Structure formats: C-alpha cells, structure tokens
2 protein chains.
Amino acid sequence: MIRARITVTLKNGVLDPQGKAIEGSLSALGFENVDSVRQGKVFDVELKNTSKSDAEQSLKAMCDQLLANTVIEDFSVTIIQAIDQ
Amino acid sequence: MIRARITVTLKNGVLDPQGKAIEGSLSALGFENVDSVRQGKVFDVELKNTSKSDAEQSLKAMCDQLLANTVIEDFSVTIIQAIDQ
C-alpha cells in the first residue's frame, strides 16, 4: 500500500481572495505580524496493488486530469509511506 | 521573515464526502488502484518582525482560533524558512 500526499497551491501572481480574507480576519483577531496568507488544498491518497514508481506516475496523472488546474495551480506529490504487499 | 505552512486535515473517523466524491471521479477516470482519498487544506503564511519560536506559538494560536475546527480537524505547523532581519 502506498500513502501519498498531494499539495495543490496557487501559482505566484494568481489572485487569492480567500487568502486575503483570512489575512483580514487574522489582523482583526490581533495577529499583527501576518504579512500574507495563501490557501491551497491537500489530498491524502491511499493506493493499493501498486509499486512506488507506478504510484508516483499515477498520482501525477491524477493531478493533471482532476485534482489541479495546471493553468493557475502548482502541485507536488510526496510519498509518505510505501508498504510492500 | 518567517515562511510557514499550516496543514489542516480531518480527524480519522470524520466523514469526508468531498474525498469520497474525488475517489469516485478518479475511478471513473480509470485510476483503479485508489483506495481512499481525504481532502484537507493548506495555508502558506508569511510573518514579519518575529522570531521563530514566537512565530510557532502564534501560528498554533491562529489554528486554534480561526484556521482549524479542532473538534473535527487536526493541524500541523511547519516552518519552511526563517530569514533574520
């Protein structure tokens, strides 16, 4: 079994209104040192019956096809745990 | 300046309908090895005029007060970069 974490973040330069709203809320709560906040997504994916290298390839394909909008988002794939079956 | 990444994920046992929907979509796209998907959030935060230890404390407080619902979510804070001013 393979456990992986996919992180999808907005590319630099892409506006992030949600991040801006969080910045505002944090200031309002008294966190004065906050300079910027950008929000992204994580997906914790478990794969079965696959090797580590196949899994990496497959996870990248998932990002390209479904999980990330590669026009405005970057993604990174990290294999957290690989257990042989 | 401190750059940090906060990751907020659902606790084990908490239903994740969004993750389930992604599982379904991935199967429909032909990714047959997917066992489970759980979705979470990341926040990339930049802090200014603060030390690393103050920043860690402050980031944890932000999670408790705003970014995470600690009843159903776990969070982790990672300092990515600390640049002395």
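Thresholds, definitions, all that
Residues numbered from 1 in each chain as written. Chains lettered and ligands numbered in written order. Predicted model: local features only at pLDDT ≥ 70, side-chain atom pairs only at ≥ 80, totals over all residues. Heavy atoms only, no water. Contact = heavy atoms within 4.5 Å. Buried area = accessible area lost by both parts, 1.4 Å probe. Salt bridge = Lys/Arg side-chain N within 4 Å of Asp/Glu carboxyl O. Polar contact = N/O pair within 3.5 Å; in protein donor to acceptor, adjacent residues only side chain to side chain. Helix = DSSP H or I, 4+ residues; strand = E, 2+ residues; numbered from the N terminus. pLDDT = per-residue confidence, 0-100. Axes fitted to C-alpha atoms, helices over the stretch in contact; angles between N-to-C directions. Parallel < 35°, antiparallel > 145°, perpendicular 65-115°, else oblique. Nonpolar A, V, L, I, M, F, W, Y, C, P; charged D, E, K, R; others polar. Pairing = 2+ DSSP bridges. 1 Å grid on protein atoms, 1.4 Å probe; cavity = no way out; pocket = protein on both sides within 12 Å on 5 of 7 lines; lining within 4 Å. Points joined across faces, edges and corners; volume = space filled by probe spheres on them. Least-squares fit on C-alpha atoms with pLDDT ≥ 70 in both. Expected span 1.5 Å × (residues − 1).

This part covers the interface of chain B and chain A. Taken residue by residue, the interface counts 34 residues in chain B and 34 residues in chain A. Both sides of the chain B and chain A interface together cover about 2,900 Å² of buried area, and 62% of this is carbon and sulfur. For chain B, the biggest contributors to the area lost against chain A are F31(B), N33(B) and V42(B); these three give 19% of the whole. Its salt-bridge partner being D35(B), residue K48(A) comes within 3.8 Å of it at the nearest N-O pair. Here chain B and chain A share 10 residue pairs in polar contact (both at pLDDT 80 or more) between them. Breaking the side of chain B that touches chain A down by element, the ones donating at least two residues are β1 (2-10), α1 (17-28), β2 (34-47) and α2 (52-67) of chain B.

Of the residues in chain A, 98% have a pLDDT of 70 or more, and the chain-wide mean is 95. Reported for the predicted complex are a pTM of 0.92 and an ipTM of 0.91.

Let's shift gears to the packing of helix α1 (residues 17-28) of chain A against α2(B). It is the contact of α1(A) with α2(B), at a shortest axis distance of 11 Å, that shows an interaxial angle of 105°. Of the possible angle classes, the one that applies to α1(A) and α2(B) is roughly perpendicular. Contacts from I22(A), S25(A) and L26(A) in α1(A) reach M62(B), L66(B) and L67(B) in α2(B). Residues of the contact of α1(A) with α2(B), tallied by class, amount to 5 nonpolar, 1 polar and no charged.

On to the sheet that holds strand β3 (residues 73-82) of chain A, then. Reading across from one edge, β3(A)-β1(A)-β2(A)-β2(B)-β1(B)-β3(B) is the order of the 6 strands in this open sheet, with antiparallel pairing throughout. The two strands at the open ends of the sheet, each matched to only one other strand, are β3 of chain A together with β3 (73-82) of chain B. On average, adjacent strands in this sheet sit at an angle of 20° to one another, irrespective of strand direction. With 7 bridges joining them, strand β1 (residues 2-10) of chain A and strand β2 (residues 34-47) of chain A adopt antiparallel strand pairing. Counted as the bridge partner of T7(A) is V42(A) from β2(A).

For the rest of this paragraph, the subject is the layout of surface pockets. Roughly 320 Å³ of volume is contained in the largest pocket. Along the walls of the largest pocket sit 17 residues, with N12(A), R38(A), R3(B), D44(B) and E46(B) positioned nearest its centre. Counting only elements with at least two residues in the lining of the largest pocket, the list comes to β1 and β2 of chain A together with β1 and β2 of chain B. When residues in the lining of the largest pocket are grouped by element, the largest group, 4 residues, is from β2(A).

As a further point, take the relation of the copies chain B and chain A. Take chain B, turn it by 180°, move it 0.0 Å along the axis, and it overlays chain A with an RMSD of 0.0 Å. In short, the pair behaves as if placed about a two-fold rotation axis. Closest approach to the rotation axis among the C-alpha atoms of chain B is made by K41(B), whose C-alpha sits 2.2 Å away. A shared interface surface links the copies, since 100% of the contact residues of chain B are contact residues in chain A too.

When the terminal C-alpha atoms of α1(B) are compared, their 17 Å separation across 12 residues agrees well with the 16 Å that a helix rising 1.5 Å per residue should span. With its phi angle positive at about 100°, G30(B) sits one or two positions after the end of α1(B).

Here we take up the pattern of salt bridges. Oppositely charged side chains are able to pair whenever their charged atoms sit close together. Residue and element names in this part refer to chain A. Following the criterion strictly, the structure yields 10 salt bridges over all chains and no others. Two residues, E23 and K20, come together in a salt bridge whose shortest N-O distance is 3.6 Å. Taken together, the residues E23 and K20, both in helix α1 and 3 residues apart, mark about one turn of the helix.

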